[in-house]
Amino acid sequence: MNQLNQLNYASLEASKRLFDAGIALETEAIHRVYANGSSRLMMKDISACSWEGDIPAPSMAEVWRELPECYYTTASQSELHFNMTKTHCGYTGEKGDGFMIPYTNHTDALIDLLIWIRKEKP
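Residues numbered from 1 in each chain as written. Predicted model: local features only at pLDDT ≥ 70, side-chain atom pairs only at ≥ 80, totals over all residues. Heavy atoms only, no water.

Q: Any chance you could break down the sheet that holds strand β2 (residues 39-43) for me, citing the residues and the numbers?
A: The strand order β2-β1-β3 describes an open sheet built from three strands, whose pairing is antiparallel. Edge positions in the open sheet fall to β2 and β3 (54-56), since each of these has one partner strand only. Adjacent strand axes in the sheet meet at a mean angle of 30 degrees when their direction is disregarded. Two elements, strand β1 (residues 29-33) and β3, share three bridges in a ladder whose sense is antiparallel. Looking across to β3, one finds that His31 is bridged to Ile55. Sitting on the sheet, helix α1 (residues 12-20) touches β1, β2 and β3, and the angle it makes with β3 is about 80 degrees. (Pairing = 2+ DSSP bridges. Helix = DSSP H or I, 4+ residues; strand = E, 2+ residues; numbered from the N terminus. Axes fitted to C-alpha atoms, helices over the stretch in contact; angles between N-to-C directions. Contact = heavy atoms within 4.5 Å.)

Purely geometric stuff here, so don't read any function into it on its own.
See the structure below:
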């Protein structure tokens with residue numbers, strides 16, 4: 001399979017944010033970044049060799065497995081929300097505080113949520 005549905009995988013930008021946050025997920029796909037700055041989303045097994053510029057490109061399922069069903073902070077009861085129809089993710093607090101961010105790519109939304117959770121955990 002050479003052609004991947006890009007909406008099922010993280011964008012290059014979100015994959016870089018995950019990588020920069022130090023979160024390493026085992027993935028079936030990568031973003032291969034070339035010296036000229038271009039990139040290509042591809043399955044790992046297409047090429048027998050890996051390049052220094054390869055960035056893991058997680059699928060929605062690969063990120064989803066890393067998220068807790070609910071997440072509560074010690075400061076307030078905050079619950080994670082992910083709305084598949086509106087493509088928003090974030091958290092709401094008991095006092096109505098929090099954030100909800102719109103996305104065009106569901107996987108990118110999950111990645112930003114995962115990064116936020118990992119930063120918040122003590």
